[in-house]
Amino acid sequence: RAAELKDEKLYGQGHERAEGDFCPLCLLAIPLPMDNRSTIRVCCMKLVCDGCCLAASKGGLGNNCPFCHTPSEESDRKSLQMIRKRVAAKDPEGIAYLGDLYYHGVGGLDRDMPRGIELWSEAAELGSDNALFNLGVAYYHGLG
């Protein structure tokens, strides 16, 4: 029994995944690489696994968000409106996502790296791990 307890203690330690690495619907860890196996929903800024997206689609939701049931927007302009609404609500993940769009110049926005870094800094102060990581990478490469 002592060996079992030692093993349990030993194997119970180690790397833990961040809260954002779990699907908010099925509560399972999203397999790595997460970008290939999940979708960020701009309406609620939730990272939903592809399995839950597929189940929701087959269950009659179509392309609506499986988390908040908001109809998906196909145009960059409408998506940007949703993201800006999350930014106005001081959502750290929304601010970090807008920083990504500015930094990389995607989603209908011109590339503006200083604005992206500014948004990442704001999101990091509000508690976004993704923004903190992106800031670290930018500073490491001398871009911040």
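Residues numbered from 1 in each chain as written. Predicted model: local features only at pLDDT ≥ 70, side-chain atom pairs only at ≥ 80, totals over all residues. Heavy atoms only, no water.

Caption draft 1: Seen up close, the pairing of strand S2 (residues 46-49). With four bridges connecting them, strand S1 (residues 38-41) and S2 associate as antiparallel partners. Bridge pairing in S2 links Ile 40 to Leu 47. Hairpin geometry of S1 and S2 is characterised by an intervening segment of four residues between the two adjacent antiparallel strands and by a positive phi of about 60° at Met 45. (Pairing = 2+ DSSP bridges. Helix = DSSP H or I, 4+ residues; strand = E, 2+ residues; numbered from the N terminus.)

Caption draft 2: Molecular detail of helix H7 (residues 129-140). Here H7 spans 16 Å end to end across 12 residues, near enough to the 16 Å set by a 1.5 Å rise per residue. For H7, the elements touching its buried residues are helix H5 (92-104) and helix H6 (113-125). Between a side-chain oxygen at the N-terminus of H7 and the backbone nitrogen of Asn 130 the separation is 3.5 Å; the capping residue is Ser 128. (Expected span 1.5 Å × (residues − 1). Contact = heavy atoms within 4.5 Å. Polar contact = N/O pair within 3.5 Å; in protein donor to acceptor, adjacent residues only side chain to side chain.)

Caption draft 3: Fine view of the environment of Gly 99. By the element assignment, Gly 99 lies in helix H5. Sequence separation of Gly 99 and Cys 53 is 46 residues, and the distance between their C-alpha atoms is 25 Å. Setting aside chain neighbours within four positions, we find Gly 99 in contact with Gly 116, Leu 119 and Trp 120.

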